[in-house]
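# Observations on chain architecture
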Amino acid sequence: MLVHFVTDEPAKIPAVRAMLEPRFHVVPQLLGGNDTAIGPSHVLMVDADLRKSVCVEQIRLVFRELNCIVEKLFVVRNHVRSMVAQAHALGATAVVSRPREVIVKLAQIELAKRASQADGVAGASPEVTDSAAAFASMFSAVRHGKAINLSDAEYATSQIVNSIVQNGLTAWLDNVRRYHEGTFQHCLLVTGVAVSFALDTGFSGPDVARLGLAATLHDIGKARIPVSILDKPGRLDPAEEEMMRRHPVIGYELLKDISGISPEILDGVRHHHEYLDGSGYPDGLNAPEISDLVRLLTISDIFAALIEARPYRPAMSRQDAYKILCGMDGKLENSLVKAFRNVALRA
Ligand SMILES: [Fe+2]
Ligand SMILES: [Fe+2]
């Protein structure tokens, strides 16, 4: 579950992260900073000095941007009466006196959400909502010229792995296609397909996570491509196509200096549009230079793209999409395309 943490003190952010993660994923926002509020989180947690009118004003602005979030938890140390009153005036749904008490509240909210999911009351599954929010956070960071937080990508990947393991690929595809569109939908679908492929192939847990993370990040370079090109309701002209084809290198450049990123992930991001016959881009690699991870990722990417609705064409059926993969002889590895049949066609 995603917790949007709003505070006036930078030092509180690592403390709250240490307390809540990994069970809850924390999206921090410093009052008065340049951060854009990212939706959709499930819960707002506020720990700030409510005696300062400037803080209260800034919180109001944040709430206005995040008005879809119902649960608003305030931490007011020692229950200072004026601050408790201010919290309620701001729309608090709960006020606690110590950050630790928030965990209990969060657990209650999570339980209620899961129960309403089971009843079919709520919309998208928590995994879809959480991973989409983590994608939103990454794309927003890139668009604002900030560093990508690798933990966002790892969190999104782990949520997707959980969902695929528990409910299978078809449920994931249905859920994502119902609630998201455009580049986010594509990234969520590719990761779901790649994770299913890895699980079906019998990969170990770390290998599933590695392919999943490469899929999560594979199109991050698109965050630097103008939306007018990404969402163009028609075919791209040659100049736009040229710009679009830069996204693997842009993604690679955005990620290469992040500590903890592995060479395999960078390879996947840069080379997921390469083909075995050398006709791909950006480096025109040939078969011996294309790793297994990239080969799996490319198949997952093409399949997911085909089963998405695009502004200029409807979504293709999984059967038809698989037929297209089978026809890409020489570009994709035949044995892998055969192995992918299970993933592609399983109901
Ligand atoms: Fe791509
Ligand atoms: Fe892609």
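Source: prediction; values computed, not measured. Sequence order as written defines residue numbering, which begins from 1 separately in each chain. Labels are handed out in written order, letters beginning with A for the chains and numbers beginning with 1 for the ligands. Only residues with pLDDT of at least 70 get local features here, since the model is predicted, and only at 80 or more are side-chain atom pairs given and counted; chain-wide, interface and lining totals rely on the full set of residues. Water and hydrogen atoms were dropped before computing side-chain values, which therefore reflect all heavy atoms in the structure.

## A short note on the domain arrangement of the protein chain
Under the convention used in this document: For the domain bounds, the source is a domain assignment made automatically or taken from a database.
We note that the domain assignment places domain 1 (2-118) and domain 2 (126-345) within the protein chain. Relative placement of domain 1 and domain 2: their C-alpha centres are 33 Å apart.

## Some thoughts on empty space enclosed by the protein
To keep things clear, this is the line we draw: Both cavities and pockets are sets of points on a 1 Å grid over the protein atoms alone; in a cavity a 1.4 Å probe fits but cannot get out, in a pocket the set is open with protein on both sides within 12 Å along at least five of seven lines, and lining residues sit with an atom within 4 Å of a point. Grid points are joined across faces, edges and corners, and a volume is the space filled by probe spheres set on the points. Elements are defined by DSSP. Helices are runs of H or I of four residues or more, strands are runs of E of two residues or more, and each kind is numbered from the N terminus. Residues were grouped as follows: Ala, Val, Leu, Ile, Met, Phe, Trp, Tyr, Cys and Pro as nonpolar; Asp, Glu, Lys and Arg as charged; and all remaining residues, including Gly, as polar.
Tallied over the entire structure, the rule returns two cavities of 30 Å³ or more. Considering only enclosed or pocket space, the largest cavity measures out at about 60 Å³ in volume. Contributing to the lining of the largest cavity are Glu274, Tyr275, Leu276, Ile290, Arg295, Thr298, Ile299, Lys331, Leu332 and Glu333. Approximately 40 Å³ is the volume found for the second largest cavity. What lines the second largest cavity is simply Met1, Glu110, Lys113, Arg114, Pro126 and Asp130. Put simply, the parts of the chain that give the lining of the second largest cavity at least two residues each are α4 (99-118) and α5 (126-143). Element by element, the count of residues in the lining of the second largest cavity is highest for α4, at three residues. Taken together, the residues of the lining of the second largest cavity sort by class into two nonpolar, no polar and four charged.

## Some details on helix α12 (residues 263-271)
The condition that has to hold: Note on classification: 1.4 Å probe, protein chains only; a residue is buried when its accessible area is under 20% of the maximum for its type, exposed when over 50%, partly exposed between these limits. When checking whether two residues touch, look at their non-hydrogen atoms; a contact exists if any pair is within 4.5 Å.
When α12 is considered as a whole, its buried residues turn out to be Ile265, Leu266, Gly268, Val269, Arg270 and His271. Contact partners of the buried residues in α12: α8 (205-217), α11 (247-255) and α13 (292-306).

## Section: the coordination of the iron ion (ligand 1)
This is how the line gets drawn: Donor atoms (N, O, S) are those found within 2.8 Å of the metal centre, with the cutoff raised to 3.2 Å for Na, K and Ca; water is not part of the atom list, so apparent gaps in a site can occur. A four-donor site is classed as tetrahedral when every donor-metal-donor angle falls between 85 and 135 degrees; four donors are called square planar, and six octahedral, when trans pairs exceed 155 degrees and all remaining angles lie between 65 and 115, with any other arrangement labelled irregular.
At this site the iron ion (ligand 1) is bound by Asp219 (OD), His247 (NE2), His272 (NE2) and His273 (NE2), with donor distances of 2.2 to 2.3 Å. For the iron ion (ligand 1), the four donor atoms are set out with angles of 83 to 173° between them, so the coordination reads as irregular. Here the iron ion (ligand 1) and the iron ion (ligand 2) are spaced 3.3 Å apart, and both take Asp219 as a donor. Linking Asp219 in the loop between α8 and α9 (227-230) with His247 in helix α11, this pair joins segments that are 28 residues apart in sequence.

## Some points on the packing of aromatic side chains
For any pair of aromatic rings, geometry is given as the distance between the ring centres together with the angle between the planes. Rules: Pairs were defined over the aromatic rings of Phe, Tyr and Trp, the Trp ring being its six-membered one, requiring ring centres within 6.5 Å. Orientation was assigned from the angle between planes: stacked under 30 degrees, edge-to-face over 60, tilted for the rest. The rule for a charge over a ring is simple: NZ of Lys or CZ of Arg within 6 Å of the ring centre, and within 35 degrees of the ring normal.
This model, assessed by the stated rule, comprises four aromatic pairs. On the numbers, 6.5 Å between centres and 35° between planes, the contact of Tyr322 with Phe340 is tilted. One end of the pair, Tyr322, is in helix α14 (residues 318-326); the other, Phe340, is in helix α15 (residues 334-345), and 18 residues separate them in sequence. Residues Tyr322 and Phe340 agree in their burial class; the two are buried. Against the face of Phe63 rests Lys72, its NZ or CZ located 5.4 Å from the ring centre. In this structure, Arg245 is placed above the aromatic ring of Tyr281, and the distance from its NZ or CZ to the ring centre is 4.1 Å.

## Considerations on the nonpolar core
Note the cut-off: Within this scheme, the nonpolar core is defined by two criteria: the residues are buried Ala, Val, Leu, Ile, Met, Phe, Trp, Tyr or Cys, and they are joined through side-chain atoms within 4.5 Å.
Core analysis: the largest hydrophobic core is formed by 65 residues, its most contacted members being Trp172, Leu217, Leu255, Leu325 and Phe340. Of all the secondary structure elements, the ones that give two or more residues to this core are α5, α6 (150-179), α7 (182-201), α8, α12, α13, α14 and α15. Leaving out residues up to four positions away in the same chain, Leu217 has contacts with Met138, Leu150, Ala153, Leu255, Ile261, Ile265 and Val269. Counting residues in hydrophobic clusters, the runner-up holds 21 residues, among them Leu66, Val76, Met83 and Val95.

## Focus on the coordination of the iron ion (ligand 2)
For the iron ion (ligand 2), the full set of protein donor atoms is His186 (NE2), His218 (NE2), Asp219 (OD) and Asp301 (OD), at a range of 2.1 to 2.3 Å. Considering all four donor atoms around the iron ion (ligand 2), the spread of angles at the metal, 81 to 167°, places the coordination shape in the irregular class.

## Here we look at the pattern of salt bridges
For clarity, the cut-off: By definition here, a salt bridge exists when the distance from a side-chain nitrogen of Lys or Arg to a carboxyl oxygen of Asp or Glu is within 4 Å.
Within the structure shown, the criterion is met by 17 salt bridges. The salt bridge involving Glu9 is made with Lys12; its shortest N-O contact spans 3.4 Å. Exposure remark for Lys12: the relative accessible area of 14% places this residue in the buried category. Close ionic contact of Asp277 with Lys331 constitutes a salt bridge, the shortest N to O distance being 3.3 Å.

## Some points on the pairing of strand β3 (residues 43-47)
Selection criterion: For two strands to be treated as a pair, DSSP must find no fewer than two bridges joining them.
Buried residues dominate β3, accounting for five of its five residues. Residue alternation in β3 divides its side chains into two sets, Val43, Met45 and Asp47 and Leu44 and Val46, and both sets are buried. Looking at chain direction, strand β1 (residues 2-7) and β3 are connected through five bridges and run parallel. Of the residues in β3, the one forming a bridge with Val3 is Val43. Summarising the sheet, β3 and strand β4 (residues 71-75) pair through four bridges and their orientation is parallel. Residue pairing for β4: Val43 is matched across the bridge by Glu71.

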